[in-house]
Amino acid sequence: MSGKADPRPAGEGTTSRARLDRGRGALGPALELVHTGRAPTRAVLTAELGVTRATAGAVAAELEALGLIRVDARPGAAAGSQGRPSHRLALAEDGPVVLAAQVHADGFRAALVGLGGQIVATAPGCETVDADPAKVLGSVVEAGADLLRETGRRCVGAGLAVPSAVAEPEGLALNPLHLAWPAGAPVRRIFAECVRAAGIAGPAFAGNDVNLAALAEHRHGAGRGARDLLCVATGHRGVGGALVLDGRLHTGSSGLALEVGHLTVNPEGRPCHCGSRGCLDVEADPLAFLTAAGRDPGPEVSLLQQSNDLIRNHYDEPSVRQAAEALIDRLGLGLAGLVNILNPDRIILGGLHRTLLDADPERLRAVVADRSLWGQSGGVPILACTLDHNSLVGAAELAWQPVLDDPLAALS
């Protein structure tokens, strides 16, 4: 598959090439198994792929030749184990990377991310977002290009996370409500142009930040093993949701599914940017919390950091506790409605919602169980997201997907 000359005898080489030909279709699935931590050994890889040991060995060797994984043919046996230990498989520490970028209401950040969701390097985050998306995306790509020059790593693609629904197939940011960007900005095209102008190799992608957080958590974090995963999160402003169905991110017919921020949870509540009132977007985000707690949102740190610090360090203050409980109840109402409609087998919460869950997990779970049919029938596990910068990692997953689909074609 790699096109390298085979020094072995003719018959043996023919047999090996036949195995490789049969295994080419398994390269992508094999890489995904290692990428998501589900195949730590060649024995597990063989079983998961449903191929012979010889074919699995050929596939692993080819992935190693591509610089994507490392095969340890002499692993140490565990104490008390019998038989020869299986070859261990690990991701190549010096392998290729992708450029991941995230834009949010309080700034933007660039990072290099390897296989396995490992963040290799990050650039210092910027705390201002220009009203011109081309300027912002040009700056974040420039920061990523600097990282590539500093590390000398090979880049195979780029992914962008934005706080907006991203319409398919055009890649338009339809509702960047908490940015000053125009509605319908062609963020994917602009990002791709910036990537090409910077001389960065590989295709460029863009997606909604919470969708990408859910994708990252499903592959590498709190969502691993879930079949139908619901993710709800509030970052710096607003509330977003995402759904993974049967292991695949569900974005709907045009990329706009799970706009959960516009569920009404307080009919007499705050006016929402969408024209309604009392939406989750304005009733359960950091600004709503700080307002309920009687705190003035200062410019010195992000709204998310202010809110998290207040809950973690001052939860015993009555105003802080009451504000947190109010947000937990509103969030619980929204989650209960989603549980009734979607019947997920797991819910994960990110951003400020993760902090609220940590502060009073029983209250949130009780609200969801009390107000949802499926919750009353047995309960849905509600867990905190576990990945730092999961939207960045999810943006990287977009860029890694062509490699996971066909490693040979993507790396040629």
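Not measured: the values here are computed from a predicted model. (Residues numbered from 1 in each chain as written. Predicted model: local features only at pLDDT ≥ 70, side-chain atom pairs only at ≥ 80, totals over all residues. Heavy atoms only, no water.)

**A word on the environment of Ala101**
Positionally, Ala101 belongs in strand S3 (residues 97–104). Put simply, Ala101 and Leu392 are 291 residues apart on the chain and 6.1 Å apart in space, counted from C-alpha to C-alpha. Discounting chain neighbours no more than four positions away, the residues touching Ala101 are Arg109, Ala110, Val140, Gly159, Leu160, Ala161, Phe191, Leu392 and Ala395. (Helix = DSSP H or I, 4+ residues; strand = E, 2+ residues; numbered from the N terminus. Contact = heavy atoms within 4.5 Å.)

**What to know about the pairing of strand S13 (residues 346–351)**
The buried fraction of S13 amounts to five of the six residues, a majority that puts the element mostly inside the structure. Bridging between strand S10 (residues 228–234) and S13 involves six bridges; their strand directions are parallel. When the sheet's bridge partners are listed, Thr234 is paired in S13 with Gly351. Of the pairings in the sheet, the one linking S13 to strand S14 (residues 382–384) comprises three bridges and is parallel in character. In the sheet register, Ile347 faces S14, and the bridge partner there is Ile382. (Buried < 20%, exposed > 50% of the residue type's maximum accessible area, 1.4 Å probe, protein only. Pairing = 2+ DSSP bridges.)

**Let's talk about the packing of helix H11 (residues 352–359) against helix H12 (residues 361–371)**
The axes of two packed helices give the description: the angle between them and the distance between them. Put simply, H11 and H12 touch, their axes get as near as 5 Å, and they point 105 degrees apart. Taken together, the axis directions place H11 and H12 in an arrangement best described as roughly perpendicular. Across the interface between the two elements, Leu357, Asp358 and Ala359 from H11 touch Pro361, Leu364 and Arg365 from H12. When grouped by side-chain class, the residues that make up the contact of H11 with H12 number four nonpolar, no polar and two charged. (Axes fitted to C-alpha atoms, helices over the stretch in contact; angles between N-to-C directions. Parallel < 35°, antiparallel > 145°, perpendicular 65-115°, else oblique. Nonpolar A, V, L, I, M, F, W, Y, C, P; charged D, E, K, R; others polar.)

**Points about the nonpolar core**
If you look at the biggest cluster of nonpolar residues, it comprises 37 residues, and the most contacted ones within it are Val232, Phe289, Leu335, Ile347, Leu349 and Leu364. Only S10, helix H8 (286–292), helix H9 (303–314), helix H10 (318–342), S13, H11, H12 and S14 provide two or more residues apiece to this core. If you tally residues by element for this core, the top one is H10, at nine residues. Beyond its immediate sequence surroundings of up to four residues, Ile347 is in contact with Leu230, Leu335, Val339, Val380, Pro381, Ile382 and Leu383. Membership of the second largest hydrophobic core comes to 34 residues, among which are Ala101, Val166, Leu179 and Ile200. (Core = buried A, V, L, I, M, F, W, Y, C linked by side-chain atoms within 4.5 Å.)

**Some thoughts on the packing of helix H6 (residues 209–220) against helix H14 (residues 390–405)**
Where H6 contacts H14, the two axes come as close as 7 Å, and the packing angle between them is 70 degrees. Taken together, H6 and H14 sit at an angle that is classed as roughly perpendicular. The segment H6 lies against H14, with Asp209, Leu212, Ala213, Leu215, Ala216, Glu217, Arg219 and His220 engaging Asn390, Ser391, Val393, Gly394, Ala395, Glu397, Leu398, Gln401 and Leu404. Looking at the contact of H6 with H14 residue by residue, the class counts come to eight nonpolar, five polar and four charged.

**A look at the sheet that holds S14**
Overall, mixed pairing links the five strands, which are arranged S12-S11-S10-S13-S14 in an open sheet. Of all the strands in the sheet, just strand S12 (248–250) and S14 have a single pairing partner and so form its edges. Across the sheet, the mean angle from the axis of one strand to that of its neighbour is 30 degrees, orientation sign disregarded. Here S10 pairs with strand S11 (residues 240–245) via six bridges, running antiparallel. Bridge pairing in S11 links Cys231 to Ala242.

**Observations regarding the confidence of the model for the protein chain**
Mean pLDDT over the protein chain: 90, with 91% of residues reaching 70 or higher. Below a pLDDT of 50 lies the segment residues 1–12, which in the model reaches 12 contacts outside its immediate sequence neighbourhood of four places, other chains included. (pLDDT = per-residue confidence, 0-100.)

**Some words on the state of the cysteines**
Applying the stated criterion across every chain yields a total of zero disulfides. Considering cysteine sulfurs only, Cys194 is the nearest to Cys155, which forms no disulfide, with 14 Å between them. Free cysteine: Cys272, not disulfide-bonded; nearest cysteine sulfur from Cys274 at 3.6 Å. (Disulfide = S-S within 2.5 Å.)

**Considerations on the pattern of salt bridges**
Enumeration according to the criterion identifies 14 salt bridges in this entry. Between Asp94 and Arg70 there is a salt bridge; the shortest N-O distance is 2.8 Å. With Asp94 in the loop between strand S2 (88–91) and S3 and Arg70 in strand S1 (residues 69–72), the pair connects residues that are 24 residues apart, well separated along the chain. For Asp94, a relative accessible area of 54% corresponds to the exposed category. Take Arg70: its relative accessible area is 33%, and that puts it in the partly exposed class. If you follow the salt bridges from partner to partner, you end up with Arg270, Glu283 and Arg330 in one network. (Salt bridge = Lys/Arg side-chain N within 4 Å of Asp/Glu carboxyl O.)

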